[in-house]
Amino acid sequence: MSHEYPKLHNAMWPGLVGKEPGTDNPPISLDRMLELTAAAEVNGVKFDGIDYFLFHPHTDPDASDDEIKAIADKVAGYGFTIGSLVAPIWPGTVGDSAMGDAAARKKFVLAVEKACRIARIFNEHGVRQYGVIRIDSATGPAAWYDDPQGNTKKIAETFRAAAQVAADHGERLAAEGEICWAGMHSWKNMVDLLEAVGMPETVGFQADLAHTYLYLMGYNAPEHALLKEGYSDAEFWAAYKKMTDALRPWTIDFHVAQNDGNVHGTGSHDKTGKHCPADDPNGKLDIVKCAGYWLEGAEERGIEHICWDGCMFPNAMLETPATWNTILKAMIKVRDAHGWE
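What you see as residue numbers is a count from 1 along each chain, following the sequence as written. Restriction of local features to residues with pLDDT of at least 70 applies here, the model being predicted, together with a cutoff of 80 or more for giving and counting side-chain atom pairs; totals for whole chains, interfaces and linings are based on all residues. For side-chain calculations, the full set of non-hydrogen atoms in the structure is used, while hydrogens and water are omitted.

**Structural notes on the overall build of the protein**
Helix numbers and strand numbers start at the N terminus; a helix is a DSSP run of H or I with at least 4 residues, a strand a run of E with at least 2. If you tally the helices and strands in the protein, you get 11 helices and 10 strands. Its C-alpha radius of gyration of 18 Å places the protein within 12% of the 20 Å reference for a compact globule of 341 residues. By principal-axis analysis of the C-alpha atoms, the protein measures approximately 50 × 50 × 45 Å. Burial analysis of the protein (341 residues in total) assigns 58% to the buried set. Within the protein, residue pairs in contact and separated by at least 24 positions form 79% of the contacts whose partners lie at least 6 positions apart. Charge counting treats Lys and Arg as positive and Asp and Glu as negative, with His and both chain ends excluded. Every charge is mapped onto a representative atom, which is NZ of Lys, CZ of Arg, CG of Asp or CD of Glu. Put simply, the protein has 31 plus and 49 minus side-chain charges, and the middle of one group is 2 Å from the middle of the other. The globule rule is 2.2 Å times the number of residues to the power 0.38, and the radius of gyration it is compared with is taken over C-alpha atoms. Remark: exposure states derive from per-residue accessible area (1.4 Å probe, protein chains only) relative to the maximum for the residue type, with buried under 20%, exposed over 50%, and partly exposed in between. A contact between two residues is defined here by any heavy atoms of the two lying within 4.5 Å.

Listed below in structure tokens is the structure:
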């Protein structure tokens, strides 16, 4: 096994997602998130890079080329690369609902266009050589149920329009599987949507260990549950295989994470899979073993890095160095078990 690949990244958006000014958990600056990431070290191994959210306060999606280059210089100054980028597709950022009216869907595609522009600047700078652009449907599942087939068709059309923009820039889009996104809120709905988009060379799946655990339990889509509370070990792994066999061929981006089985939301973020510390005693997942199900054949699908996602961790936890060392240790174990030459 190589100790070079996959590269180990930390996400910057846990400093923003679910954070609100004037609360106990205000946004954490990009500078501070970079410092915390750079300080982590386990037996001489450090993070290789970061994955990055393209919105305020970390980034103005309309920043000038020179401003984007300055961010690239800053990240490179830590010895980091930039991998996957998160497009500002949600209402209140640049974008809007992928199953909304024509104006909303146009804004969604515009958000992807802005992300592709920034990606190009990072790529030309040299700080970014791999990774994808992350999207989701930018709206909740409740309204989707008004017209499941029609709404999935609308989302697929929006994703195809965004994918054409991405393809023109040499980028790929990864749809993040979470129970809080319309048409993506179960493993089965997710597969149906990806098949409806029908552009596997450009639109794939982003698997997160914490979020996909709730796919098994059928939160927000009981009809697609693969497990019931009180399941046995054998039942868990059979269900995990079924889910990953369906979604792994589409998986082009991967998040290492832990989940305690709860749904959770903070700030403006809808309830979704709760990210927990890597060593959480209530964690439901054998991180290394679960990662192996997703990472089988990952190199052939163009995955060059894996990222930790600690979305909605309290600030006190993010500011604790031990949190990051424990995370890095878990990621090294994943690489040691499933790395590639």
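**Digging into the pairing of strand E2 (residues 49–53)**
Side-chain positions along a regular strand alternate between the two faces of the sheet. Summarising burial for E2: five of the five residues are buried, a large majority. With the strands aimed away from the viewer, a crossover counts as right-handed if its path from the first strand over the helix to the second runs clockwise. In this region the chain leaves strand E1 (residues 7–11), passes through helix H1 (residues 30–39) and returns to the parallel neighbour E2; the handedness of that crossover is right-handed. We treat two strands as partners when DSSP finds at least two bridges between them. Pairing of E2 with strand E3 (residues 81–86) involves four bridges; the strand directions are parallel. Each residue of the ladder has a partner; that of Phe53, found in E3, is Val86. In this view, the connection linking E2 to its parallel neighbour E3 by way of helix H2 (residues 65–77) has right-handed handedness.

**A few points about the sheet that holds strand E10 (residues 305–308)**
With parallel pairing, the eight strands of this closed barrel are ordered in space as E1-E2-E3-E4-E5-E6-E7-E10. Between one strand axis and the next, the sheet turns through 30° on average, direction left out of account. Summarising the sheet, E1 and E2 pair through three bridges and their orientation is parallel. If you follow His9 over to E2, its bridge partner there is Gly49. Lines fitted to C-alpha atoms define the axes here, with helix axes fitted over just the stretch in contact, and angles between the N-to-C directions of these axes take values from 0 to 180 degrees.

**Looking at the packing of helix H7 (residues 209–217) against helix H8 (residues 233–247)**
Two elements in contact, H7 and H8, have axes separated by 10 Å at closest approach and are oriented at 110°. With respect to H8, the axis of H7 lies roughly perpendicular. Like other packed secondary-structure pairs, H7 and H8 cross with a definite hand, here right-handed. Residue-level inspection shows Leu209, Thr212, Tyr213, Tyr215 and Leu216 of H7 in contact with H8, the latter providing Phe236, Ala239, Tyr240, Met243 and Leu247. Working definition: roughly parallel below 35 degrees, roughly antiparallel above 145 degrees, roughly perpendicular at 65 to 115 degrees, and oblique for all remaining angles. Note: crossing handedness is left-handed where the near helix turns anticlockwise from the far helix by less than a right angle, and right-handed where it turns clockwise.

**Observations concerning the side chain of Asn151**
Relative to the helices and strands, Asn151 resides in helix H5 (residues 148–168). Separated by 3.1 Å, the side chain of Asn151 and the backbone oxygen of Trp144 make a polar contact. Every residue in contact with Asn151, bar those within four places of it in the chain, is listed here: Met99, Ala143 and Trp144. Definition of a polar contact: a pair of N or O atoms within 3.5 Å, with one able to donate and the other able to accept a hydrogen when the atoms are protein atoms, and with sequence-neighbouring residues admitted only if both atoms are side-chain atoms.

**What about the environment of Arg120?**
Inspection of the secondary structure puts Arg120 in helix H3 (residues 102–125). For Arg120 and His169, which are 49 residues apart along the polypeptide, the C-alpha to C-alpha distance reads 7.4 Å.

**Here's the deal with helix H6 (residues 187–197)**
Among all positions in H6, only Trp187, Asn189, Met190, Val191, Leu193, Leu194 and Val197 are buried. If you follow the buried residues of H6, they end up packed against helix H4 (141–144), H5, strand E5 (173–176), strand E6 (203–208), H7 and H8. Phi turns positive one or two residues past the end of H6, at Gly198, with a value near 65°.

**Side note on the packing of aromatic side chains**
Pairs of aromatic rings are described using the distance from one ring centre to the other and the angle between the two planes. Paired rings are identified among Phe, Tyr and Trp, the last through its six-membered ring, by centres lying within 6.5 Å, and are further divided according to the angle between planes into stacked (under 30 degrees), edge-to-face (over 60) and tilted (the rest). This model, assessed by the stated rule, comprises 15 aromatic pairs. With a centroid separation of 6.4 Å and an interplanar angle of 40°, the aromatic rings of Phe53 and Phe55 are classed as tilted. Accessibility classification places Phe53 together with Phe55 in one group, the buried group. Aromatic side chains Phe236 and Trp237 sit 4.7 Å apart centroid to centroid with 90° between the ring planes, which places their arrangement in the edge-to-face category. Take Phe236 and Trp237: they sit in the same class, and that class is buried. Taken together, Phe205, Tyr231, Phe236, Trp237, Tyr240, Tyr293 and Trp294 form an aromatic cluster joined through their ring pairs. Sitting above the plane of the Trp13 ring, Arg134 keeps its charged end 5.3 Å from the centroid. By the criterion adopted, a ring carries a charge over it if an Arg CZ or a Lys NZ lies within 6 Å of its centre and within 35 degrees of its normal. Its guanidinium or amino end placed over the ring of Trp237, Lys289 lies 4.1 Å from that ring's centre, counting from NZ or CZ.

**Thoughts on the pattern of salt bridges**
It is possible for side chains of opposite charge to pair when their charged atoms get near one another. Think of a salt bridge as a Lys or Arg side-chain nitrogen and an Asp or Glu carboxyl oxygen that are within 4 Å of each other. For the structure shown, the criterion picks out 16 salt bridges. Across the pair Asp96 and Lys107 runs a salt bridge, and its minimum N-O distance is 3.7 Å. Here the residue Asp96 occupies a position in the loop between E3 and H3, and Lys107 occupies one in helix H3, the gap between them amounting to 11 residues.

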